[in-house]
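# Descriptive structure summary
Chain by chain, the residues:
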Amino acid sequence: MANTWKLYILRCGDGSLYTGITTDVPKRLEAHRSGKGAKYTRGRGPLELMYSEDCGDHSAALKRELEIKALPREEKLKLTEK
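Since this is a predicted model, take the numbers as computed values, not measurements. (Residues numbered from 1 in each chain as written. Predicted model: local features only at pLDDT ≥ 70, side-chain atom pairs only at ≥ 80, totals over all residues. Heavy atoms only, no water.)

## Section: the packing of aromatic side chains
Here a ring pair, both rings aromatic, is described through the centre-centre distance and the interplanar angle of the planes. Convention followed: Planes of paired rings set the category: under 30 degrees apart is stacked, over 60 is edge-to-face and the rest tilted, where pairs are Phe, Tyr or Trp rings (Trp by its six-membered ring) whose centres lie within 6.5 Å. Helix numbering and strand numbering both begin at the N terminus, where a helix is a DSSP run of H or I of at least 4 residues and a strand a DSSP run of E of at least 2. Relative accessibility decides the category of a residue: with a 1.4 Å probe and only protein chains considered, values under 20% of the type maximum give buried, values over 50% give exposed, and everything between is partly exposed.
Tallied over the entire structure, the rule returns two aromatic pairs. Each ring, one from Tyr8 and one from Tyr18, has its centre 6.3 Å from the other, and the planes form 45°; the classification is tilted. Remark: Tyr18 occurs in strand S2 (residues 17-22) and Tyr8 occurs in strand S1 (residues 5-11); sequence separation between them is 10 residues. Both residues of the pair, Tyr8 and Tyr18, belong to the buried class.

## Considerations on the environment of Ser34
Take Ser34: it is sitting in the loop between helix H1 (25-33) and strand S3 (48-56). Exposure remark for Ser34: the relative accessible area of 43% places this residue in the partly exposed category. When the C-alpha positions of Ser34 and Gly45 are compared, they lie 9.7 Å apart, and in sequence the two are 11 residues distant.

What follows is the structure, given as structure tokens:
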């Protein structure tokens, strides 16, 4: 059985938010923290996991990522409060 894809939102040390997808959130968070994740998160630590949700397959996760990235910052923050 394939792993479930997840969407996640990180808060960077500068207060910005980063949204991504993965099948293993803890492993991906460690990659970001060690500088081997997305270029955007390098040098923006400390990184805090604010939110994650199951998305099913890779295609659904990509679609959800685009939806979240299109939201205004305030809406992203509301999502992380749930």
